[in-house]
Amino acid sequence: MSEVFILGIESSCDETAAAVVRSGEEVISNVVYSQIATHQPYGGVVPELASREHLRAIVPVVRKALEDASQTYESIDALAVTKGPGLAGALLVGVSYAKALAYALKKPLIGVNHLEGHIHAVLLEERQHGNHELEFPVLALVVSGGHTHLFLAERQGAGWIYHDVGHTRDDAAGEAFDKVAKLLELGYPGGPLIDFLSGHGNPLAVKFPFAQIKHPDRNPQNRYGKDERRADFSYSGIKTAVLRYVETHDLRASIAQRRRVLGQLASPAPLDVLAACDAEVLDLVASFQRAMVNDLVSKTLAAAREHGVATVLVTGGVAANSELRTAFQKSAAEDGLPVHFPSRRLSTDNAAMIAAAAYPRFIAGEFADSELSPDAGLRLR
Ligand code: KG4
Ligand code: ZN
């Protein structure tokens, strides 16, 4: 088939996004309207506000994505939309809009799993750089504000099938970054700020031990046999450990002082936040990040060895973290494993990844019907 232009639409959390991707391998346009300013005062995403903002933004965001791509509603070949997982009301905005548009335009519609989208962000850019073949099996760490998941991926026809070989038992890694930033009054979202501030602190100052949650998987469905070991994650404990540190080291007053200082600025820049931090909090933040990075890298690479994988992919918002990237590159190289990340722009939520994930399904003719509805708890298989 000649060139295929797919319009992707993403609205699962706090970004309203639309993009046009050519044949699953070239981003033609990529528009992301972030709701950060709306949720900032609450230090986290407020679902009702997210739905309202998606309703406001979706039409202009889609129009801009088409304009930037020099495409029209009529010229695109198909539409793709995130059907889950995510916030139910937020997903509903994207799915309803995409269904109405596909119906009116008489174009095929493809429903995409958001987690598969994050994986395709890496594949899309690899293809864009001329790397069309990854070696299988592939282990993908999807690590974001809502997810921390290890998927073992294998090829099936034009698409992939996924096995869940580890996931978080409680908080997602990005959620831990955001909650620690909120506790320390650093701002929202916490990940990029902690990433920046960590470069100014001593990562060895505070020790955060992690529980090793490893056990033989007792799930009889497990295709790897009874003795297969899972590597699950848990990030609610480290958040409590930071809270305990704040209390035992009397950091409350300096946190309140930072809230006052930053509260006077309309939108504090990372350098403003840095200026409002003392050495003790910078050391705490750097140590927190080091502990998170060590846990993510060591568990992922242990699972990679366990399953004998040929390639590791790391994707999702937290994959934008500089220390995580460096640590993965270094440790994976020691194991002789290639590790691929998306660019920072495609690490966090976007619709180019949704349009890219839809391409193999377009080729296979896997189209959604009028029954397509959002599924907040959708699993990836
Ligand atoms: O993929 P994403 O945009 O949305 C979800 O699907 O959740 O991920 C957002 C998450 C937030 O928790 C944010 O703090 C985190 O990714 N994040 C980072 C960085 N940039 C974004 N975490 C650590 N370091 C970063 N540089
Ligand atoms: Zn995401």
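Before going into details, it helps to say that this report is about the structure given with it. (Residues numbered from 1 in each chain as written. Chains lettered and ligands numbered in written order. Predicted model: local features only at pLDDT ≥ 70, side-chain atom pairs only at ≥ 80, totals over all residues. Heavy atoms only, no water.)

## Here we look at the overall build of the protein chain
Inference 1: Of the regular secondary structure elements, the protein chain holds 13 helices and twelve strands.
Inference 2: Compactness check: the protein chain gives a C-alpha radius of gyration of 21 Å against a globular reference of 21 Å for 381 residues, within 12% of the reference.
Inference 3: Summarising its shape, the C-alpha atoms of the protein chain cover approximately 65 × 55 × 35 Å along the three principal directions.
Inference 4: Going through the 381 residues of the protein chain one by one, you find that 55% of them count as buried.
Inference 5: Here the contacts in the protein chain between residues at least 6 apart in sequence split such that 74% fall between residues at least 24 apart.
Inference 6: Accessible surface, the protein chain: about 16,500 Å² in total, of which carbon and sulfur atoms supply 53%.
Inference 7: For the protein chain, the distance from the average site of its 37 positive side-chain charges to the average site of its 45 negative ones is 3 Å. (Helix = DSSP H or I, 4+ residues; strand = E, 2+ residues; numbered from the N terminus. Rg over C-alpha atoms; globule rule 2.2 N^0.38 Å. Buried < 20%, exposed > 50% of the residue type's maximum accessible area, 1.4 Å probe, protein only. Contact = heavy atoms within 4.5 Å. Areas by Shrake-Rupley, 256 points an atom, 1.4 Å probe, with all protein chains shown as cover. Lys, Arg positive; Asp, Glu negative; His and termini not counted. Charge placed at Lys NZ, Arg CZ, Asp CG, Glu CD.)

## Some thoughts on the environment of Leu296
Inference 1: Of note, Leu296 is situated in helix 10 (residues 279-306).
Inference 2: Excluding residues within four positions of it along the chain, Leu296 makes contact with Leu141, Val143, Thr148, Ala173, Phe233, Tyr235, Val318, Leu324 and Phe328.

## So, the sheet that holds strand 11 (residues 311-315)
Inference 1: If you walk across this open sheet you meet the five strands as 8-7-6-11-12, and the pairing is mixed. If you trace the sheet from one side to the other, it starts and ends with strand 8 (159-167) and strand 12 (339-340), each paired once.
Inference 2: Relative to strand 12, strand 11 runs parallel, the two being bridged by two bridges. Bridge pairing in strand 12 links Val312 to Val339.
Inference 3: Together, strand 6 (138-143), strand 7 (148-156), strand 8, strand 11 and strand 12 form the strand contacts of helix 4 (residues 114-128), whose direction differs from that of strand 11 by roughly 115°. (Pairing = 2+ DSSP bridges. Axes fitted to C-alpha atoms, helices over the stretch in contact; angles between N-to-C directions.)

## Quick look at the pattern of salt bridges
Working definition: two side chains of opposite charge can pair if their charged atoms are close together.
Inference 1: According to the stated counting rule, one finds 19 salt bridges in the structure shown.
Inference 2: Arg155 is the salt-bridge partner of Glu133, the closest N and O atoms lying 3.0 Å from each other. Of this pair, Glu133 sits in the loop between helix 4 and strand 6 while Arg155 sits in strand 7, placing them 22 residues apart in sequence.
Inference 3: A residue is classified by how much of its surface remains accessible, and Arg155, at 43% relative accessible area, is partly exposed. (Salt bridge = Lys/Arg side-chain N within 4 Å of Asp/Glu carboxyl O.)

## Looking at the coordination of the zinc ion (ligand 2)
Six octahedral donors around a metal ideally make angles of 90 or 180 degrees; four tetrahedral donors ideally make 109.5 degrees.
Inference 1: Every protein donor of the zinc ion (ligand 2) is accounted for by His114 (NE2), His118 (NE2) and Asp349 (OD), and the metal-donor separations fall at 2.0 to 2.1 Å.
Inference 2: Considering all four donor atoms around the zinc ion (ligand 2), the spread of angles at the metal, 94 to 142°, places the coordination shape in the irregular class.
Inference 3: If you list the donors of the zinc ion (ligand 2) from N- to C-terminus, the spacing comes out as H-x3-H-x230-D. Within this pair, whereas His114 is found in helix 4, its partner Asp349 is found in the loop between helix 12 (344-347) and helix 13 (352-364), the two being separated by 235 residues in sequence. Assigned by exposure class, His114 and Asp349 land together as buried. (Donors = N, O, S within 2.8 Å, 3.2 Å for Na, K, Ca; no water. Tetrahedral: all angles 85-135°; square planar, octahedral: opposite > 155°, others 65-115°.)

## Digging into unusual backbone geometry
Inference 1: Omega for the bond connecting Gly84 with Pro85 falls within 30 degrees of zero, at -10°, which places this linkage in the cis form.
Inference 2: Among the secondary structure elements, Pro85 is positioned in the loop between strand 4 (78-84) and helix 3 (88-105).
Inference 3: With omega at -5°, the peptide bond leading from Phe136 into Pro137 counts as cis.
Inference 4: Considering the arrangement of structural elements, one finds Pro137 in the loop between helix 4 and strand 6.
Inference 5: We note that Lys106 has phi near 55°; this positive angle belongs to a residue other than glycine.
Inference 6: Summarising the element assignment, Lys106 is placed in the loop between helix 3 and strand 5 (109-113).
Inference 7: Exposure remark for Lys106: the relative accessible area of 73% places this residue in the exposed category.
Inference 8: In this model, Asp250 sits at a positive phi of 50°, which is unusual for a non-glycine residue.
Inference 9: Among the structural elements, Asp250 can be located in the loop between helix 7 (236-248) and helix 8 (252-263).

## A closer look at the sheet that holds strand 5
Inference 1: Strand order across the open sheet formed by five strands is 3-2-1-4-5, with mixed pairing between neighbours. In this open sheet, the two strands that pair with only one neighbour each are strand 3 (26-34) and strand 5. Neighbour-to-neighbour, the strand axes of the sheet open up by a mean angle of 20°, direction not taken into account.
Inference 2: Seen against the sheet, helix 3 touches strand 1 (5-10), strand 4 and strand 5 and runs at an angle of roughly 155° to strand 4.
Inference 3: Contacting strand 1, strand 2 (15-22), strand 3, strand 4 and strand 5, helix 4 crosses the sheet at an angle of about 100° to strand 5.

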